[in-house]
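Fold and contact review
Spelled out from the first residue to the last, the chains are:
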Amino acid sequence: MTERYDAIVVGAGHNGLVCAALLAKGGKKVLVLEARDEVGGAAVTRSFADGFSVSAGAHLLHQLQPKVMKAIGVHIPLTNERMPTVALSGSGEHLFIDEHTVAGASDQDAEAFTEFMGWSDTFARFLNRQLMKPPPRLGSGQRSDTLKLARLGLDLRMLGRADMRDFLQLIGQNIYDELDARFDTDLLKGAIALDAVTGTHTGPRSPGSLVTWLYRLCTGGHVSQPVGGLGAVSKALADRAEALGVTIRTGVPVDNIVVDNGRVVGVDTAAGRFSSWKVISNADPKTTVFGLVGARHFESTFVRRVHHLRSKGNVAKLHLALDALPDVSGLRYEDFSSRFLLAPSADAVERAFNPAKYGRCSSRPVFELSFPSVSDDSCAPSGKHVMSALVQFAPYDLEGGWTDVARADFHDGALAALDEVMPGLRDLVLHSELLTPVDLEAEFGMSGGHWHHGELGLDQFMFVRPVAGAAQYRMPLDGLYLCGAGTHPGGGVTGAPGYNAAQVILERERSR
Ligand SMILES: Cc1cc2nc3c(=O)[nH]c(=O)nc-3n(C[C@H](O)[C@H](O)[C@H](O)COP(=O)(O)OP(=O)(O)OC[C@H]3O[C@@H](n4cnc5c(N)ncnc54)[C@H](O)[C@@H]3O)c2cc1C
């Protein structure tokens, strides 16, 4: 006798939890099965050295959708609601960026920055309206899709003639040219360029990097740090899902999604079979198709599309347990609660990206980092500190593989680059942990260790995300859905894919 549910969600990443909570709120009996021993996927907090803990994957919130949190009824306590950003300079002449203002740049660039952020904000808000709903199917002939397309066109038209033209033009543009046309200060251009390409396999000169910049700003561009790290976000979502009636079982990997007579009927695990006519996968598209269902259950064209999905990660995570904060010229103690960017110029970001195209690591990596322990004393023993850093570019398919030597080289290169702007940092390190994309794949089960479960490129965006034939969360197999970062609108701790997937599933139920 197997247990039967209205829906089974495979994976308790934050999107799986959002989807499950909303389905339960819609009256469904929902089971979530998570392979790891804890919920959260890449949004977790864990110990990495005795007494030191860190957000092991995602480390800062910048895109969490308020609409999602409101729909589920979750409030996330933050240590710092709006973290300022410091663009680090080796000379101590840092830039201090506070959303729409910058201090430390020339007056002309400071003014241009405010103007640029306002301009970006207009398009980011337009984009955000498209992210919080499933994209229409192109050419389906269905009235609902035609209506959705018409609404999209109308929304675009509402931007006004000049902004509409700008938007259509900027879609394929790169961030590098835009920054070059607007600013002189290299450090400012480096900071924006890095934010535009973080988590993707692109450099600032790559087409589409202006759209990924806007994607990042979708919820207003505020950066924040939750109390207790990103794991606290996932825990709050799981608690709320359970309160809504969801059953969550951790440490239960799904071995395969069971298909019978061309439709999904449940999942198999070491703990037995669980039955449902609906299985929603929070795993990435490749894992779902090839690892959980099996290519034989899909049409060959679809299989080929999924096979060719670009999903090789480039971000490594570096965690340092520190004996004390470094003494950095130009920074006061309170500045250490900021987010830091280390990217001397847009060219430096592009040069850091170049080797990744050929499967090699950046010799001069670029960083986004923070010291979470400055505003959250649960991360480290009193007087000690933690640094959490994203280090780019570290290609998943490194030439020669991520051998011990390759890891040590990358780790030492990263520390040397940090030590140049934070002299003496290396001597403060009590313990360090480097997670390459290969480690991220192994730890979090994300193919290629990719931030977005699949590149956020124009060919894998909106109407064709993850691939044509599955861009509305429904897979071309009866009863199978996706709800993770690989779907529209993409990755980041947003909750948007989980929210949209739940809307699609509930809507289908209502229309039956
Ligand atoms: C190094 C790194 C740093 C990042 N930093 C940030 C950041 O600072 N801010 C930000 O907003 N975003 C960041 N991101 C992106 C963000 O972490 C992801 O986009 C987001 O976590 C995706 O959430 P998800 O729920 O879709 O999937 P995931 O978090 O990947 O969760 C999927 C879940 O499915 C489970 N699963 C997979 N297969 C099975 C199976 N067979 N059976 C059962 N369970 C299964 C996995 O164990 C996992 O728990 C970062 C990503 C990386 C890799």
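Residue numbers restart at each chain and count upward from 1, following the sequence in its written direction. Local features are withheld for residues below a pLDDT of 70 in this predicted model, meaning they are given only at 70 or higher, and side-chain atom pairs are given and counted only at 80 or more; totals for whole chains, interfaces and linings count all residues. Hydrogen atoms and water are omitted, and side-chain values are computed over all heavy atoms in the structure.

Another aspect to go through is the overall build of the chain. Strands are runs of DSSP state E lasting at least 2 residues, helices are runs of H or I lasting at least 4, and numbering of each runs from the N terminus. Within the chain one finds 16 helices and 21 strands. A compact globule built from 512 residues would reach a C-alpha radius of gyration of about 24 Å, and the chain, at 22 Å, matches this within 12%. The C-alpha extent of the chain, read off along each of the three principal axes, is 65 × 60 × 45 Å. Only protein chains enter the calculation, and the probe is 1.4 Å; a residue is then buried if its accessible area is under 20% of its type maximum, exposed if over 50%, and partly exposed in between. Counting over 512 residues, the chain shows a buried share of 60%. Computed by Shrake-Rupley with a 1.4 Å probe, the accessible areas treat only the displayed protein chains as cover when residues are assessed. When the accessible surface of the chain is totalled, it reaches about 20200 Å², and 50% of it is carbon and sulfur. Radius of gyration: C-alpha atoms only; globule rule: 2.2 Å multiplied by the number of residues to the exponent 0.38.

On to the packing of helix α3 (residues 107-131) against helix α4 (residues 143-157). Here an axis means a line fitted to C-alpha atoms, over the contact stretch when the element is a helix, while the angle between two N-to-C directions is reported on a 0 to 180 degree scale. Their axes nearest at 11 Å, the elements α3 and α4 cross at an angle of 165 degrees. By the angle class used here, α3 and α4 are roughly antiparallel. Considering the relative orientation of α3 and α4, their crossing is right-handed. Note on element contacts: α4 touches α3 through Leu152, Asp155 and Leu156, opposite Phe126, Arg129 and Gln130. Residues are grouped as follows: Ala, Val, Leu, Ile, Met, Phe, Trp, Tyr, Cys and Pro are nonpolar; Asp, Glu, Lys and Arg are charged; all remaining types, including Gly, are polar. Looking at side-chain class alone, the contact of α3 with α4 contains 3 nonpolar, 1 polar and 2 charged residues. The cut-offs work like this: below 35 degrees is roughly parallel, past 145 is roughly antiparallel, 65 to 115 is roughly perpendicular, and the gaps in between are oblique. We call a crossing left-handed when the near helix sits turned anticlockwise from the far one by less than a right angle, and right-handed when that turn is clockwise. What makes two residues a contact is simply this: any of their non-hydrogen atoms within 4.5 Å.

Note on ring pairs: Phe, Tyr and Trp rings are taken, using the six-membered ring of Trp, and paired if centres are within 6.5 Å. Classes follow the plane angle, with under 30 degrees stacked, over 60 edge-to-face and the rest tilted. As enumerated under the stated definition, the model contains 14 aromatic pairs in all. Between phenylalanine 123 and phenylalanine 167, the ring centres sit 5.8 Å apart and the planes meet at 35 degrees, which makes this aromatic pair tilted. Residue phenylalanine 123 is located in helix α3, and its partner phenylalanine 167 is located in helix α5 (residues 161-170); the two are separated by 44 residues in the primary sequence. Both residues of the pair, phenylalanine 123 and phenylalanine 167, count as buried. Measuring from centroid to centroid gives 5.7 Å for phenylalanine 340 and phenylalanine 371, while their planes differ by 85 degrees, and the two rings are edge-to-face.

A few words now on the sheet that holds strand β18 (residues 366-370). Paired strands, in this sense, are two strands between which DSSP finds at least two bridges. Spatial ordering of the open sheet is given by β9-β8-β7-β17-β18-β19-β16-β20, a layout of 8 strands whose pairing is mixed. Strands with a single pairing partner mark the edges of an open sheet, and in this sheet they are β9 (101-103) and β20 (429-435). Along the sheet, successive strands turn relative to each other by an average axial angle of 20 degrees, direction set aside. Where strand β17 (residues 339-342) and β18 come together, 4 bridges link them in antiparallel fashion. Across the sheet, the residue bridging to phenylalanine 340 is leucine 369, located in β18. Against the sheet, helix α7 (residues 186-197) makes contact with β7 (85-87), β8 (95-98), β9, β17, β18 and β19 (385-392), and its axis sits at roughly 105 degrees relative to β17, the strand it touches most.

With that settled, consider the sheet that holds strand β2 (residues 7-10). Taken together, the 5 strands give an open sheet; going across it, the order is β11-β3-β2-β15-β21, and neighbouring strands pair in parallel fashion. The two strands at the open ends of the sheet, each matched to only one other strand, are β11 (247-249) and β21 (480-482). Strand-to-strand twist across the sheet, computed as the mean angle between neighbouring axes with direction ignored, equals 20 degrees. In the sheet, strand β15 (residues 279-281) pairs with β21 via 3 bridges, with the strands oriented parallel.

Right, let's talk about the site of the ligand for a bit. Near the ligand, the surroundings consist of 33 residues, among which Glu34, Leu60, Trp451, Gly492 and Val493 are the closest. For the ligand, a nitrogen atom lies 2.9 Å from a polar atom in the backbone of valine 254. Contact between the ligand and glycine 492: an oxygen atom at 2.7 Å from a main-chain N or O atom of the residue. For the ligand, whose accessible area on its own is 1000 Å², the fraction buried by protein is 97%. Among the elements of the structure, α1 (14-25) and α15 (437-444) are those that each provide at least two residues to the shell around the ligand. Looking at side-chain class alone, the shell around the ligand contains 17 nonpolar, 14 polar and 2 charged residues. Note on terminology: near, applied to a residue and a molecule or strand, indicates that one of the residue's heavy atoms is within 4 Å of it. Any pair of N or O atoms that falls within 3.5 Å is considered a polar contact. Within protein, one atom must be able to donate a hydrogen and the other to accept it, and sequence-neighbouring residues count only if both atoms are side-chain atoms.

What helix α11 (residues 300-307) keeps buried is the set Phe302, Val303 and Val306. Axial view of α11: buried residues confined to an arc of 100 degrees, hence all on one face. On its buried face, α11 is in contact with α10 (285-293). As used here, the arc belongs to the directions running from the helix axis to the C-beta atoms.

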